[in-house]
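Coordinate inspection notes
The chain contents come next:
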Amino acid sequence: MELYLDTADIAAVKRLNRILPIQGVTTNPSIVAKERRPVFDVLSELQDILGDKGQLFAQTMGNTAEQMIEDAQKLRNHIKTIVVKVPVTGEGLVAIKELTKLGIPTLGTAVYGAGQGLLSALAGAKYVAPYVNRVDAQGGDGIGMVCELQQLLELHAPDSMVLAASFRTPRQALDCLLAGCESVTLPVDVAELFIADPAVNAAIEKFESDWKGAFGSTKL
């Protein structure tokens with residue numbers, strides 16, 4: 001599987017890249033805007049942290065297919081290996097088809113339905129990003145939608161993969177992986193919840209206390 005961080009926070013990526021087996025970082029316009037710095041400065045720093053083998057994702061800003069393609073080429077000119085995120089709208093599907101012809105890998109983003117995600121895969125998107133928690137927030141079934149999308153891709157677009165996104169809890173991410181998703185991207189706070197269980201700390205403190213009581217220190 002592929003594990004990504006969904007952030008543009010340089011300090012957080014440095015810290016978690018050391019701890020977690022991440023394959024890269026996904027960003028979106030809102031995430032990058034929070035940094036209040038020039039977009040290509042942020043993206044370049046992120047790629048430097050990830051190194052040659054780390055995969056970085058960034059999104060187009062245009063509303064028309066032509067603008068999206070221009071944005072994609074601009075992103076690729078700055079970072080040759082970047083995967084371009086394209087919203088799955090009518091214009092976005094046109095852009096994904098054309099970018100695929102140009103050999104530029106894409107991720108179909110802002111996916112709120114299994115059919116919408118399948119269309120982006122059929123258009124050529126390498127990754128498809130369903131918004132799990134946002135679907136839940138609208139009264140839908142985010143995990144159910146991901147299960148449907150995963151099955152559709154396996155049947156009809158096996159060269160594409162689900163990159164599940166938009167999580168509030170680790171449980172949501174685990175449910176996506178159990179549904180067969182090959183990749184997920186986690187916000188920093190959700191990623192930290194995987195390794196910050198109070199019960200773990202309590203167990204370690206008990207081990208140390210018992211050892212110190214018997215041997216006078218915590219050294220082996």
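The structure this text deals with has already been given above.
Below is a short write-up of the structure. Keep in mind that what you see is a predicted model, and the values were worked out from it rather than measured. Each chain has its residues counted from 1, following the order in which its sequence is written. Local features are withheld for residues below a pLDDT of 70 in this predicted model, meaning they are given only at 70 or higher, and side-chain atom pairs are given and counted only at 80 or more; totals for whole chains, interfaces and linings count all residues. Side-chain numbers here rest on the full set of heavy atoms in the structure, without hydrogens or water.

Looking now at helix α8 (residues 142-156). Each helix corresponds to a stretch of at least 4 residues labelled H or I by DSSP, and each strand to a stretch of at least 2 residues labelled E; elements are numbered beginning at the N terminus. The span one expects for a helix is its residue count, reduced by one, times 1.5 Å. Taking 1.5 Å per residue, 15 residues should reach 21 Å; α8 reaches 21 Å between its end C-alpha atoms and fits that length. Any two residues whose heavy atoms approach within 4.5 Å at even a single point are treated as in contact. Summarising the contacts, the buried residues of α8 are in contact with β5 (106-111), α6 (114-123), β6 (127-130), α7 (132-137), β7 (161-164) and α9 (170-178).

A few words on the pairing of β5. Burial analysis of β5 places five of its six residues in the buried class, the great majority of the element. Strands pair, by our definition, only if DSSP identifies at least two bridges between them. Sheet topology note: the strand β4 (residues 83-87)/β5 ladder contains four bridges and is parallel. For P87, the partnering residue across the bridge sits in β5 and is T109. Each parallel crossover has a hand, and the one from β4 via helix α5 (residues 90-101) to β5 is right-handed. Note that β5 and β6 share three bridges and pair parallel. Along β6, the bridge assignment pairs L107 with Y127. Viewed with both strands pointing away, a crossover whose connecting path from the first strand over the helix to the second turns clockwise is right-handed. In the classification by handedness, the crossover that spans β5, the intervening α6 and the parallel β6 is right-handed. With a 1.4 Å probe rolled over the protein chains alone, any residue whose accessible area is under 20% of its type maximum counts as buried; one over 50% counts as exposed, and the rest are partly exposed.

For R36, which is not glycine, the phi torsion reads 55 degrees and is therefore positive. For R36, the location among the structural elements is in the loop between α2 (29-33) and α3 (39-50). Positive phi, normally seen in glycine, also occurs at A110, with a value near 60 degrees. Of note, A110 is situated in strand β5.

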